[in-house]
Structures are given as structure tokens and as C-alpha cells.
Amino acid sequence: MGNKSYRKRNNKATRDCLKDIKYIPDDRVGEVLLEAARLQSEANKSYSLADLKQICSEAGIPPHFVEKAVRKIEKKRKKQRRIQKYIKKTIRLVIPAIAVSILFLCGIMLVLEL
């Protein structure tokens, strides 16, 4: 309950702050857009490609750049998944080999001590 009261006061303070702002300086526009996008992404967990194109068109970004960005990100993630799969496979092969090597070395050490 106290948290809700704090949010009301905080929102009121933010609204009061916005009364005085008529223009956002160029050096802050990117930061504001990023923060707004972050806040919206917290509220929405996924978007359709059409939604993204609409959002970007409202920000003046042509749809072909959205498609290019999605392709680039998907290609990057696919590559990351292949690398992760390779690393897991390599680890599954290397760890048993290391264990066998350690056992072999322990055996040699035992034989040399005898």
C-alpha cells in the first residue's frame, strides 16, 4: 500500500516536471527514445513484425530498415546458437578425455612410487 502511494507521488512529480519542458535537446532525444522503448518492452514481451514496422514508421524509420535489422539480429543469434552448441559438444568430449588422462597420470605416479 505504501508503495502505491509512493508511485502516485513520484508520477505527480514527473508530471509536474514535464510542465516546464517545451523542447528536448538533440543530445537527449536518443536517450529518451531508448528509455521509452525499454519501458514499452517491459510492458510487452513480444511484438509482431507488423507492430515493429508500425512503431518504427512512427519514429521515421522506413520498414526496410526494420526488416534488415531483424535479419541481421536473427543471423547473429543463429551464429551464437551454433557456437554454443559447438562449445557444449566440445566440452562433452574434452572432460572425459581429461578425466582419463588424470587417471592415467595417477596410475603412472603409483607405479613409479612402487
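Computed from a predicted model, the values in this text were never measured in an experiment.

Draft legend 1. Local environment of the overall build of the chain. In terms of regular secondary structure, the chain is built from four helices and zero strands. Along the chain, helices and strands appear, N-terminal first, in the series α-α-α-α. In the form shown here, the chain has an accessible surface area of approximately 11,100 Å², with 63% of it arising from carbon and sulfur atoms.

Draft legend 2. Highlighting the packing of helix α3 (residues 49-58) against helix α4 (residues 63-113). Two elements in contact, α3 and α4, have axes whose closest approach is 9 Å; the angle formed by their N-to-C orientations is 130°. By the angle between their directions, the pair α3 and α4 is classed as oblique. Remark: the crossing between α3 and α4 carries right-handed chirality. Each of L49, L52, K53 and C56 in α3 lies in contact with α4, whose residues at this interface are P63, V66, E67 and V70. Looking at side-chain class alone, the contact of α3 with α4 contains six nonpolar, no polar and two charged residues.

Draft legend 3. Region of interest: the layout of surface pockets. In this structure, the largest pocket encloses a volume near 470 Å³. For the largest pocket, the lining is made up of 17 residues, of which A37, L52, I55, C56 and I61 are closest to its centre. Elements with a contribution of two residues or more to the lining of the largest pocket: α2 (26-43), α3 and α4. Residues belonging to the lining of the largest pocket are distributed by class as follows: 13 nonpolar, two polar and two charged.

Draft legend 4. How the structure looks around the pattern of salt bridges. The final tally for this structure, using the stated rule, is four salt bridges. Two residues, E67 and K53, come together in a salt bridge whose shortest N-O distance is 2.5 Å. Taken together, the residues E67 in helix α4 and K53 in helix α3 connect sequence positions 14 residues apart. Given the relative accessible area of 26%, E67 is considered partly exposed. Owing to a relative accessible area of 24%, K53 belongs among the partly exposed residues under this scheme.

Draft legend 5. Looking closely at a positive patch on the surface. Taken together, the side chains of K68, K72, K75, K76, R77, K78, K79, R81 and R82 make up a positively charged region of the molecular surface. Along the chain, R77 turns up in helix α4.

Draft legend 6. Region of the structure containing a nonpolar patch on the surface. Judged by side-chain polarity, L18, I21, I24, V29, V32 and L33 come together as a nonpolar surface patch covering roughly 490 Å² of accessible area. Element by element, the count of residues in the nonpolar patch is highest for α2, at three residues. Tracing the chain through its elements places L33 in helix α2.

Draft legend 7. Layout of the confidence of the model for the chain. Per-residue confidence for the chain gives a mean pLDDT of 84, with 86% of residues at or over 70. Averaged over each element, pLDDT in the chain is lowest for helix α1 (residues 2-19) (56) and highest for α4 (92). Segment residues 5-9: pLDDT under 50, and zero contacts once partners within four positions in sequence are set aside and those in other chains are kept.

What counts, and at which threshold
Residues numbered from 1 in each chain as written. Predicted model: local features only at pLDDT ≥ 70, side-chain atom pairs only at ≥ 80, totals over all residues. Heavy atoms only, no water. Helix = DSSP H or I, 4+ residues; strand = E, 2+ residues; numbered from the N terminus. Areas by Shrake-Rupley, 256 points an atom, 1.4 Å probe, with all protein chains shown as cover. Axes fitted to C-alpha atoms, helices over the stretch in contact; angles between N-to-C directions. Parallel < 35°, antiparallel > 145°, perpendicular 65-115°, else oblique. Left-handed = near helix turned anticlockwise from the far one by under 90°. Contact = heavy atoms within 4.5 Å. Nonpolar A, V, L, I, M, F, W, Y, C, P; charged D, E, K, R; others polar. 1 Å grid on protein atoms, 1.4 Å probe; cavity = no way out; pocket = protein on both sides within 12 Å on 5 of 7 lines; lining within 4 Å. Points joined across faces, edges and corners; volume = space filled by probe spheres on them. Salt bridge = Lys/Arg side-chain N within 4 Å of Asp/Glu carboxyl O. Buried < 20%, exposed > 50% of the residue type's maximum accessible area, 1.4 Å probe, protein only. Patch = residues over 30% accessible without salt bridge, like charges linked within 9 Å, V, L, I, M, F, W, Y side chains within 5 Å. Lys, Arg positive; Asp, Glu negative; His and termini not counted. Charge placed at Lys NZ, Arg CZ, Asp CG, Glu CD. pLDDT = per-residue confidence, 0-100.

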